[in-house]
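Remarks on the overall topology
Residues per chain are reported as follows:
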Amino acid sequence: HRMADLHQALSSSPTDMFLEEFPEDLKNNLELASELWLVGVSLHRTINFNYATLERKLQEGHKIRVLVVHPEGPGVEMAVSRNYTRKEVAVTSTRIRDNLQLLCDLRATAPERMEIRTIQNPLSYGVIATNPNAATGALYIEHYTFGVSPISMPRYVLTAQDGKWYDFFKQEIFSMWDYSITWE
């Protein structure tokens, strides 16, 4: 077993780190997490595909923090300029506002356990962070493209056991949070 582990470690390449889709454990980690951080331009897919789960988590006493690009201003304009096809700021702004309304509806379930913020930054990646401050923490990161078809965005997962790079991205997410403003 030790030889197999050593062979696996030595034969892996940087391309092994990048994924077409997140691994199946994302769903399980999302279910088990007592704290979630969601970061992205609009989080359209994340919110729509996981709304019932997020609602249930809030009802069960879990904490959720959400950070999206502010729907007006230079952040959304820069985020839209990176798109491969659709470059209408109004469309993206409306999508962000719609998702912010869904998030506000969720927050009404447990206002003390859900925080929503916006940032005037286009964000270069989206994140689902499960228990980011725990030894079991995981960051599911999706790299946003610039002028390239988003059909196959590179995704990767960092866990607390990854040490330096996990800590780096976690700190960057926390810095973005500190730079953002509360959405009412």
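Attention here is on the structure that accompanies the text. (Residues numbered from 1 in each chain as written. Predicted model: local features only at pLDDT ≥ 70, side-chain atom pairs only at ≥ 80, totals over all residues. Heavy atoms only, no water.)

1. Some remarks on the pattern of salt bridges
A complete count under the given rule lists seven salt bridges for this structure. The salt bridge involving Arg 56 is made with Glu 60; its shortest N-O contact spans 3.7 Å. For Glu 115, the salt bridge is made with Arg 65, and the minimal N-O distance between the two is 2.9 Å. Here Glu 115 is found in strand β3 (residues 114-119), whereas its partner Arg 65 is found in strand β2 (residues 63-69), with 50 residues between them in sequence. Relative accessible area serves as the criterion here: at 24%, Arg 65 is assigned to the partly exposed category. (Salt bridge = Lys/Arg side-chain N within 4 Å of Asp/Glu carboxyl O. Helix = DSSP H or I, 4+ residues; strand = E, 2+ residues; numbered from the N terminus. Buried < 20%, exposed > 50% of the residue type's maximum accessible area, 1.4 Å probe, protein only.)

2. Concerning unusual backbone geometry
A positive phi angle is found at Leu 43, which is not glycine, with a value near 60 degrees. Inspection of the secondary structure assignment puts Leu 43 in the loop between β1 (35-40) and α3 (44-59). Positive phi is not limited to glycine here, since Asn 131 has a value of about 45 degrees. Along the chain, Asn 131 turns up in the loop between β4 (125-130) and β5 (138-143).

3. Description of the pairing of β2
Among the seven residues of β2, five are classified as buried, and the element is accordingly described as predominantly covered. Taken together, β1, α3 and β2 constitute a β-α-β crossover, and its handedness is right-handed. The pairing of β2 with β3 spans six bridges and is parallel. What sits directly across from Arg 65, in β3, is Glu 115. (Right-handed = clockwise from strand over helix to strand, strands pointing away. Pairing = 2+ DSSP bridges.)

4. Thoughts on the sheet that holds β3
One open sheet accounts for seven strands, arranged β6-β5-β4-β1-β2-β3-β7; its pairing is mixed. In this open sheet, the two strands that pair with only one neighbour each are β6 (155-159) and β7 (181-182).

5. Here we look at the packing of helix α4 (residues 74-81) against helix α5 (residues 89-107)
Angle between the axes and distance between the axes: these two values describe a pair of packed helices. Between α4 and α5, the least distance of the axes is 9 Å, while the angle of their chain directions is 115 degrees. Where α4 crosses over α5, the two elements pack in a sense that is right-handed. Between α4 and α5, the residues in contact are Val 76, Glu 77 and Val 80 and Val 89, Thr 92, Ser 93 and Ile 96, respectively. Residue composition of the contact of α4 with α5, by class: four nonpolar, two polar and one charged. (Axes fitted to C-alpha atoms, helices over the stretch in contact; angles between N-to-C directions. Left-handed = near helix turned anticlockwise from the far one by under 90°. Contact = heavy atoms within 4.5 Å. Nonpolar A, V, L, I, M, F, W, Y, C, P; charged D, E, K, R; others polar.)

6. Things to note about the pairing of β5
Within β5, five of the six residues are buried, leaving the element largely enclosed by the surrounding structure. Summarising the sheet, β4 and β5 pair through six bridges and their orientation is antiparallel. In the sheet register, Thr 130 faces β5, and the bridge partner there is Ala 138. The pairing of β5 with β6 spans five bridges and is classified as antiparallel.

7. Some points on the side chain of Thr 46
Residue position: Thr 46 is located in helix α3. Thr 46 gets classed as buried once you look at its relative accessible area, which sits at 17%. Once residues lying within four places of it in the same chain are set aside, the contact partners of Thr 46 are Leu 38 and Ile 128.

8. Remarks on the packing of helix α2 (residues 25-32) against α3
Their axes nearest at 10 Å, the elements α2 and α3 cross at an angle of 25 degrees. The angle between α2 and α3 falls in the class roughly parallel. Contacts from Leu 30, Glu 31 and Leu 32 in α2 reach Asn 50, Thr 53, Arg 56 and Lys 57 in α3. By residue class, the composition of the contact of α2 with α3 is two nonpolar, two polar and three charged. (Parallel < 35°, antiparallel > 145°, perpendicular 65-115°, else oblique.)

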